[in-house]
Amino acid sequence: MHTVVRIYSGKGAAETIDLIIANKKDVKNLMHSVKGFIDYSVVKTEDGGFSVTVSKTEKASEAITAAAREWVMANAKTLKAKPPKVMGGKVGLKVGAP
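Note that the structure is predicted; figures quoted are calculated from it, not measured.

## Some details on the overall build of the protein
(1) Moving on: Within the protein, the secondary structure is distributed over three helices and four strands.
(2) Moving on: Whereas a compact globule of 98 residues would reach a radius of gyration of roughly 13 Å, the protein reaches 13 Å, a difference of no more than 12%.
(3) Moving on: In terms of principal-axis extent, the alpha carbons of the protein reach across some 40 × 25 × 20 Å.
(4) Moving on: Sorting the 98 residues of the protein into buried and exposed places 32% on the buried side.
(5) Moving on: Considering only contacts in the protein between residues 6 or more positions apart, those separated by 24 or more positions represent 77%.
(6) Moving on: Carbon together with sulfur atoms contributes 57% to the accessible area of the protein, which is approximately 6,500 Å² in total.

## With respect to the sheet that holds strand S2 (residues 37–45)
(1) Moving on: With antiparallel pairing, four strands are arranged side by side in an open sheet as S2-S3-S1-S4. Of all strands in the sheet, those bounded by a partner on one side alone are S2 and strand S4 (85–90). The sheet shows a mean angle of 15° between the axes of neighbouring strands, taken without regard to direction.
(2) Moving on: Bridge count for strand S1 (residues 2–9) against S4 is six bridges, and the pairing is antiparallel. By the bridge assignment, Thr3 is partnered in S4 with Gly89.

## Overview of the side chain of Thr16
(1) Moving on: Relative to the helices and strands, Thr16 resides in helix H1 (residues 13–22).
(2) Moving on: Judged by its relative accessible area of 2%, Thr16 falls in the buried class.
(3) Moving on: Setting aside residues up to four positions removed in sequence, Thr16 forms contacts with Tyr8, Val72, Ala76, Leu79 and Ala81.

## Examining the pattern of salt bridges
(1) Moving on: By the definition in use, this model includes one salt bridge.
(2) Moving on: The residue Lys44 makes a salt bridge to Asp18 at a minimum N-O spacing of 2.4 Å. Here the residue Lys44 occupies a position in strand S2, and Asp18 occupies one in helix H1, the gap between them amounting to 26 residues.
(3) Moving on: The exposure class of Lys44 is partly exposed, given its relative accessible area of 48%.
(4) Moving on: Assessed through its relative accessible area of 34%, Asp18 is described here as partly exposed.

## Points about the environment of Ile7
(1) Moving on: Tracing the chain through its elements places Ile7 in strand S1.
(2) Moving on: Among the residues examined, Ile7 registers a relative accessible area of 30% and is labelled partly exposed.
(3) Moving on: For the pair Ile7 and Leu79, spaced 72 residues apart in the sequence, the C-alpha separation amounts to 16 Å.

## Quick look at the side chain of Ser51
(1) Moving on: Take Ser51: it is sitting in strand S3 (residues 48–55).
(2) Moving on: The class for Ser51 is buried, based on a relative accessible area of 1%.
(3) Moving on: Ignoring any residue separated from it by four or fewer positions in sequence, one finds Ser51 in contact with Val4, Val5, Arg6, Tyr8, Tyr40, Ser41 and Val42.

Cut-offs and rules
Residues numbered from 1 in each chain as written. Predicted model: local features only at pLDDT ≥ 70, side-chain atom pairs only at ≥ 80, totals over all residues. Heavy atoms only, no water. Helix = DSSP H or I, 4+ residues; strand = E, 2+ residues; numbered from the N terminus. Rg over C-alpha atoms; globule rule 2.2 N^0.38 Å. Buried < 20%, exposed > 50% of the residue type's maximum accessible area, 1.4 Å probe, protein only. Contact = heavy atoms within 4.5 Å. Areas by Shrake-Rupley, 256 points an atom, 1.4 Å probe, with all protein chains shown as cover. Pairing = 2+ DSSP bridges. Axes fitted to C-alpha atoms, helices over the stretch in contact; angles between N-to-C directions. Salt bridge = Lys/Arg side-chain N within 4 Å of Asp/Glu carboxyl O.

Okay, here's the thing in structure tokens:
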């Protein structure tokens, strides 16, 4: 498994997170369109937020990151938010609910 975290902060970050949450149907369809997608979560914080994507492979994570970037650029252009900080890596440990 591979995970990518996108951290949105600064000008327009909170509005970008709000927009993503408000368009959950479109975002869900976008994520489900990528082969290898496992899970996607968005967390709102005081000054913006972050998203966490889990995929089966790094290639799937890269495809989802590209699709997310395109969606945000197309739908949040007027917010003029800076791009999120993106980090990712291979999952080393996963603990699920019992």
